[in-house]
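Listed below, chain by chain, are the residues.
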Amino acid sequence: MPRRRIGFWYRLAAVIAKPPLVVLIKRDWRGLENIPADGGFITAVNHNSHIDPFAYAHFQYNTGRVPRFLAKSGLFKKGFVGAVMRGTGQIPVYRESTDALSAFRAAIEAVERGECVAFYPEGTITRDPNQWPMVGKTGAARVALQTKCPVVPVAQWGANEVLPPYAKKLHLFPRKTHHVLAGPPVDLSRFYGKDMTQDLLKEATEVIMAAITAQLEIIRGEKAPGTAYDPRRERIEQRRRTQAQSGHEGEKSK
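What you see is a predicted model; the values in this text were computed from it and never measured. Starting afresh in each chain, residues are numbered from 1 along the sequence in its written order. Reporting in this predicted model follows two pLDDT cut-offs: at least 70 for local features of residues, and 80 or more for side-chain atom pairs to be given and counted; totals over whole chains, interfaces and linings ignore these cut-offs and use all residues. Side-chain numbers here rest on the full set of heavy atoms in the structure, without hydrogens or water.

Asks: Please give an account of unusual backbone geometry that cites residues and values.
Replies: It is generally the case that most residues other than glycine have a negative phi and that most peptide bonds are trans. Cis peptide bonds are those with omega within 30 degrees of zero, and the linkage from Phe 173 to Pro 174 qualifies with -5°. To qualify as a helix, a DSSP run of H or I must reach at least 4 residues; to qualify as a strand, a run of E must reach at least 2; elements of each kind are numbered from the N terminus. When you line up the elements, Pro 174 lands in the loop between helix H6 (159-162) and strand E7 (176-182). Phi angles above zero are rare outside glycine, and Lys 148 is one such case at about 60°. Looking at where Lys 148 falls in the secondary structure, it is placed in the loop between helix H5 (139-147) and strand E6 (151-157). Taking relative accessible area as the criterion, Lys 148 reaches 47% and is therefore assigned partly exposed. When accessible area is computed with a 1.4 Å probe and restricted to protein chains, residues below 20% of their type maximum are described as buried, those above 50% as exposed, and intermediate ones as partly exposed.

What follows is the structure, encoded as structure tokens:
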């Protein structure tokens, strides 16, 4: 696969980040042939650790198609972090936008320039008790349907064994393996040319998340639950349980 121009800032970040990653984490990387050699595309990746963006970026960097991550626009404004974010071509997300599609305008422009844009469709580290991918948000589907670019589903596992979800303590020994499996592009062609309604975006997102989950099943050698964990539904159910418990305790006190 030909290597594209990466640039000074990305190479500097790699010089800083790669040595500890190589020393501390073994690698099992598969599916590199599914990363397009040319043209803009999206990778849709599961998220199960605060450090998996670094581990995943290591994989993606080695393909020659460096990822442009979406990040809060405020991170781009000040200091060394802002300089690195701007210099490496990361993509600011303007969350204050009232237009859901314009919030991803920079991602759309990057894809149209021929870049790789990396999405974490879950929007945050998974809260599934067994660390399977959750219900996804629609941003990746919006950009994909707007640009008609390839969407490569990527599953990863192992960074979460170094730093479990929402934990603060690293588990470096014994040395863990970072598994990555990139699948073939997801076929979203049946959604092209249709009104981009919320229902359509939700359905396209479900297709993307199913493809990511299928790759993770291969890595883990087990089946995922039939229904993806939905944090919003869980919050609603938790409120109902709390209200029911409060009502029950109120009845007992009478």
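Asks: Which residues make up the pattern of salt bridges, and what values do they have?
Replies: Salt bridges are identified by distance alone: a Lys or Arg side-chain nitrogen within 4 Å of an Asp or Glu carboxyl oxygen. Applying the stated criterion to the full structure yields 7 salt bridges. For Arg 240, the salt bridge is made with Glu 237, and the minimal N-O distance between the two is 3.0 Å. One end of the pair is Arg 240 and the other is Glu 237, both in helix H8 (residues 231-253) and 3 residues apart, which spans about a single turn.

Asks: Which residues make up the environment of Leu 32, and what values go with them?
Replies: With respect to the element layout, Leu 32 can be found in the loop between strand E1 (25-30) and strand E2 (41-45). Look at Leu 32 and you get partly exposed, because its relative accessible area is 29%. For Leu 32 and Gln 60, which are 28 residues apart along the polypeptide, the C-alpha to C-alpha distance reads 8.8 Å.

Asks: Tell me about the nonpolar core, residues and numbers included.
Replies: Here, the term nonpolar core denotes a set of buried Ala, Val, Leu, Ile, Met, Phe, Trp, Tyr and Cys residues that are joined through side-chain atoms within 4.5 Å. Membership of the largest hydrophobic core comes to 28 residues, with the highest contact counts inside it found for Ile 42, Phe 119, Val 143 and Leu 188. Listing elements by their share of this core, those giving two or more residues are E2, helix H4 (105-112), strand E5 (116-119), H5 and helix H7 (198-220). Counting residues per element, this core draws most heavily on H7, at 7 residues. Whether two residues are in contact is decided by their heavy atoms, any of which lying within 4.5 Å being enough. Excluding residues within four positions of it along the chain, Phe 119 makes contact with Ile 42, Thr 43, Ala 44, Val 45, Leu 70, Phe 104, Ala 107, Gly 139, Ala 140 and Val 143.

Asks: So, the sheet that holds strand E4 (residues 91-93): which residues are in play, and what are the values?
Replies: Pairing between strands is defined by DSSP: at least two bridges between them are needed. If you trace the 7 strands from one edge of the open sheet to the other, you get E1-E7-E6-E2-E5-E3-E4, paired in mixed fashion. For this open sheet the edge positions go to E1 and E4, each flanked by a neighbour on one side alone. With direction set aside, neighbouring strand axes in the sheet form an average angle of 25°. Two elements, E2 and E5, share 4 bridges in a ladder whose sense is parallel. Bridging across to E5, Ile 42 finds its partner in Val 117. Axis definition: a line fitted to C-alpha atoms, limited for helices to the stretch in contact. Angles are taken between N-to-C directions and run from 0 to 180 degrees.

Asks: Provide a residue-level description of a positive patch on the surface, including the pertinent values.
Replies: Two joining distances apply to patches: 9 Å for like charges and 5 Å for nonpolar side chains (Val, Leu, Ile, Met, Phe, Trp, Tyr), and every residue must have over 30% relative accessible area and no salt bridge. For every accessible area listed, the method is Shrake-Rupley and the probe measures 1.4 Å; residues are considered covered only by the protein chains on display. We score Asp and Glu as negative and Lys and Arg as positive, and we do not count His or the chain ends. Each charge is placed at NZ for Lys, CZ for Arg, CG for Asp and CD for Glu. A cluster of like positive charges, contributed by Arg 127, Lys 137, Lys 202, Arg 232, Arg 235 and Arg 239, occupies part of the molecular surface. Within the element layout of this structure, Arg 232 appears in helix H8.

Asks: So what about the pairing of E5? Which residues, and what values?
Replies: Across the two faces of E5 the burial is the same, with Cys 116 and Ala 118 and Val 117 and Phe 119 all buried. Pairing between strand E3 (residues 67-72) and E5: 3 bridges, direction parallel. Residue pairing for E5: Pro 67 is matched across the bridge by Cys 116.

Asks: Please set out the environment of Ala 211 residue by residue, giving values where relevant.
Replies: Along the polypeptide, Ala 211 turns up in helix H7. Judged by relative accessible area, Ala 211 falls into the buried class, the value being 15%. On a C-alpha basis, the gap between Ala 211 and Gly 31 in space is 13 Å, while along the polypeptide they are 180 residues apart. The contact partners of Ala 211, leaving out residues within four places of it in the chain, are Pro 153 and Val 186.

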